[in-house]
Amino acid sequence: MNSSPLLLIFIAALMPGTCTFSDVPTASISAHVLDISGGSPAGGIQILAYIQQNDAWNKIGSQFTQDNGRVDWVSPNFSLIPGTYRLVYLTKSYYTAKGINTFYPYVEVIFEIKDATQHYHVPLTLSPWGYSTYRGS
């Protein structure tokens, strides 16, 4: 059976939890995880997104990194507002699946958004024994 490319694109658009970069608004948060211990993208890492409101963390998203290590939009059902945000990268299951012990079962990155009209990219470089993060573009 030979499917047409348009049919495949249509089916992919209907699948829950998927979005293409063209669907992502400018005012959004994306993420990227690179496994520097293996020199490759870290696919399959779950990223939980939260916003702090009234001294509580409210969950606004849950996505898995794609094979290229990216999440184009961590909170597709939430419009950005100024505030304090937290991304939790669940790293333990990623390394467990590779048969590698890790010192960090998860990594939390907390950051403040003042201009909710911009795009925010939050990459994580990761190894079993360390990590680093920065504001990307």
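Rules used throughout
Position numbers for residues start from 1 in each chain and track the written sequence from start to end. pLDDT decides what is reported in this predicted model: residues at 70 or higher carry local features, side-chain atom pairs at 80 or more are listed and counted, and totals for whole chains, interfaces and linings draw on all residues regardless. By convention in this description, side-chain values take in all heavy atoms of the structure and omit both hydrogens and water. Put simply, buried Ala, Val, Leu, Ile, Met, Phe, Trp, Tyr and Cys residues joined by side-chain atoms within 4.5 Å make one nonpolar core. A simple rule labels every residue: compare its accessible area, found with a 1.4 Å probe on the protein chains alone, to the largest value its type can have, and call it buried under 20%, exposed over 50%, or partly exposed in between. Only runs of H or I of at least four residues qualify as helices and only runs of E of at least two qualify as strands under DSSP, and these elements are numbered from the N terminus. The contact definition used throughout considers only heavy atoms, calling two residues in contact when any of these lie within 4.5 Å. Any two strands between which DSSP finds at least two bridges are classified as paired. Helix axes use the C-alpha atoms of the stretch in contact, all axes being lines fitted to C-alpha atoms, and the angles between their N-to-C directions lie in the range 0 to 180 degrees. Aromatic contacts are taken between Phe, Tyr and Trp rings whose centres are within 6.5 Å, Trp giving its six-membered ring; a plane angle under 30 degrees counts as stacked, one over 60 as edge-to-face, and the others as tilted. Salt bridge, as applied in this entry: a Lys or Arg side-chain nitrogen positioned within 4 Å of an Asp or Glu carboxyl oxygen.

Draft legend 1. Seen up close, the nonpolar core. Grouped together as the largest cluster of nonpolar side chains are 26 residues, with contacts concentrated most on Ile-29, Leu-87 and Tyr-89. Elements that contribute at least two residues to this core include exactly strand E1 (28-35), strand E3 (46-53), strand E6 (83-90), helix H2 (92-97), strand E7 (107-113) and strand E8 (119-127). If near-sequence neighbours (up to four positions away) are discounted, Tyr-89 is found in contact with Ala-31, Val-33, Ile-45, Gln-46, Ile-47, Pro-105, Tyr-106, Val-107, Val-109, Val-122 and Leu-124.

Draft legend 2. Representation of the sheet that holds strand E4 (residues 56-64). Across the sheet, which stays open at both edges, the four strands sit in the order E4-E3-E6-E7 with antiparallel pairing between neighbours. The open sheet has two edge strands, E4 and E7, and neither has a second partner. Neighbour-to-neighbour, the strand axes of the sheet open up by a mean angle of 20°, direction not taken into account.

Draft legend 3. Main features of the pairing of E3. Bridge analysis of E3 against E4 gives eight bridges, and the strand direction is antiparallel. Within E4, the position partnered with Ile-47 by the bridge is Gln-63. Connecting E3 to the next strand, E4, in antiparallel fashion are two residues, including Asn-54 with a positive phi near 50°. With six bridges connecting them, E3 and E6 associate as antiparallel partners. When the bridges of E6 are listed, Tyr-50 appears paired with Arg-86.

Draft legend 4. Molecular detail of unusual backbone geometry. Positive phi, close to 50°, is recorded for Asn-54, a residue that is not glycine. Counting through the fold element by element, Asn-54 comes out in the loop between E3 and E4. Of note, the phi angle at Asp-55 is positive, near 60°, even though the residue is not glycine. You can see Asp-55 is positioned in the loop between E3 and E4. The class of Asp-55 is exposed, set by a relative accessible area of 77%.

Draft legend 5. Quick look at the packing of aromatic side chains. Evaluated as defined, the whole model comprises five aromatic pairs. Here Tyr-85 and Phe-111 contribute two aromatic rings whose centre-to-centre distance is 6.0 Å and whose plane-to-plane angle is 15°, an arrangement assigned as stacked. Residue Tyr-85 is located in strand E6, and its partner Phe-111 is located in strand E7; the two are separated by 26 residues in the primary sequence. Across the pair, exposure class does not vary: Tyr-85 and Phe-111 are buried alike. Ring centres of Tyr-94 and Tyr-95 lie 5.0 Å apart, and the angle between their planes is 70°; this geometry places the pair in the edge-to-face category.

Draft legend 6. How the structure looks around the pairing of E8. Of all nine residues in E8, seven are buried; the element is thus mostly enclosed. Pairing of E1 with E8 involves eight bridges; the strand directions are parallel. In the strand pairing of E8, Val-33 is matched with Leu-124. Note: E8 against strand E9 (residues 130-133), four bridges, orientation antiparallel. Considered in E9, the bridge of Leu-126 is made with Tyr-131.

Draft legend 7. Structural context of the pattern of salt bridges. In total, this model carries one salt bridge according to the counting rule given. With its nearest N and O atoms 3.1 Å apart, the salt bridge here joins Arg-86 to Glu-108. Taken together, the residues Arg-86 in strand E6 and Glu-108 in strand E7 connect sequence positions 22 residues apart. Taking the relative accessible area as the measure of exposure, Glu-108 reaches 36% and is therefore partly exposed.

Read these as layout, nothing more, since geometry by itself doesn't imply function.
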